[in-house]
Amino acid sequence: MSVTSVPSVSLGTTEALIDEVFLFGRVLKEALMSEADGHMPRALTGVLLVLAARGECRQNELATEMCVGQSSLSRQITDLVEFGYVTRHPDPADGRAFRIRVSEDGMAYVKQFRTQRAARMQKLLTGWNETEAATALDSIRHLKETLLDPEHRIVTSSNPIGTQSV
C-alpha cells in the first residue's frame, strides 16, 4: 500500500515553474548560440558538447541521454565524423556496435566554443554580482538533480530515460 504525499509546492507555482523553465531554455539557447560561433549547425554543436561532457560511449547510450532517436543521431554523428570532430571504432565487447568519442580537433572546437559562450554569458550578466549568480546556479542545479532523481521519475514507454514528458 503506497502512501500519497502532500505536494509541498502549489499547482499554480508548479505550472509557472514549468513555463519559465521551458522559456528559459529557449532564451538561453538564443542568447548563447550564434551561427557565427562556428561552421557547424547548432544541432551538431549540441551533440558534440554532450558527447564531450559524457565521454566515449556507444551511440545508443548518447541517444538515450539526449532523448533523441538513434536514426536522427546517427546522421548527426556521421556529419561530425566527416568534420573530423568525432571518431568511431568497433566496440570490443560487441563487434556489431561502435563506440564514439570526440577527436582532438573536436575537443579544440568544444573548448573554443565553450570559451566564446562563457564570455557571451558573462557579458549578459553585467549588473549581477557573484552571490546572485551563485544563488541562480544552486537553484538550477537543485532543480536538475530533483528531476534526475529516479525516485521522482515517471516511466513511460515512449520516453527512453523514464522522465515524464512535458
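Under an unreviewed UniProt entry, the protein has the name Probable transcriptional regulator, MarR family and belongs to Rhodococcus wratislaviensis.

Caption draft 1: Seen up close, the pattern of salt bridges. If you walk through the whole model with that rule in mind, you get eight salt bridges. Across the pair Asp-94 and Arg-58 runs a salt bridge, and its minimum N-O distance is 3.6 Å. With Asp-94 in strand β3 (residues 94–102) and Arg-58 in strand β1 (residues 57–58), this residue pair connects regions lying 36 residues apart in the sequence. Exposure remark for Asp-94: the relative accessible area of 17% places this residue in the buried category. What makes Arg-58 partly exposed here is its relative accessible area of 22%.

Caption draft 2: Highlighting the sheet that holds β3. Within the open sheet, the three strands sit side by side as β1-β3-β2. Their pairing is antiparallel. Looking at which strands have only one partner, the edges of the open sheet turn out to be β1 and β2 (86–91). Examined bridge by bridge, β2 and β3 share six bridges and lie antiparallel to one another. Bridge pairing in β3 places Pro-90 opposite Phe-98. The strands touched by helix α2 (residues 42–54) within the sheet are β1, β2 and β3, with β3 carrying the most contacts at an inclination of about 100°.

The rules behind these values
- Along each chain, the written sequence defines residue order, and numbers are assigned to residues from 1.
- Two thresholds apply to this predicted model, a pLDDT of at least 70 for residue-level local features and 80 or more for giving and counting side-chain atom pairs, whereas whole-chain, interface and lining totals are computed over all residues.
- Derived side-chain values reflect all non-hydrogen atoms in the structure, with water molecules and hydrogen atoms excluded from consideration.
- Salt bridges, as used here, are contacts in which a Lys or Arg side-chain nitrogen is within 4 Å of a carboxyl oxygen on Asp or Glu.
- Under the DSSP-based scheme used, a helix requires at least four consecutive residues in state H or I and a strand at least two consecutive residues in state E, with every element numbered from the N terminus.
- Whether a residue is buried, partly exposed or exposed follows from its accessible area with a 1.4 Å probe, protein chains only, as a fraction of its type maximum: under 20%, in between, or over 50%, in that order.
- At least two DSSP bridges between two strands are required for those strands to pair.
- Only heavy atoms enter the contact rule, under which two residues are in contact if any of them lie within 4.5 Å.
- A fitted line through C-alpha atoms serves as each axis, taken over the contacting stretch for helices, and the angle formed by two N-to-C directions is quoted from 0 to 180°.

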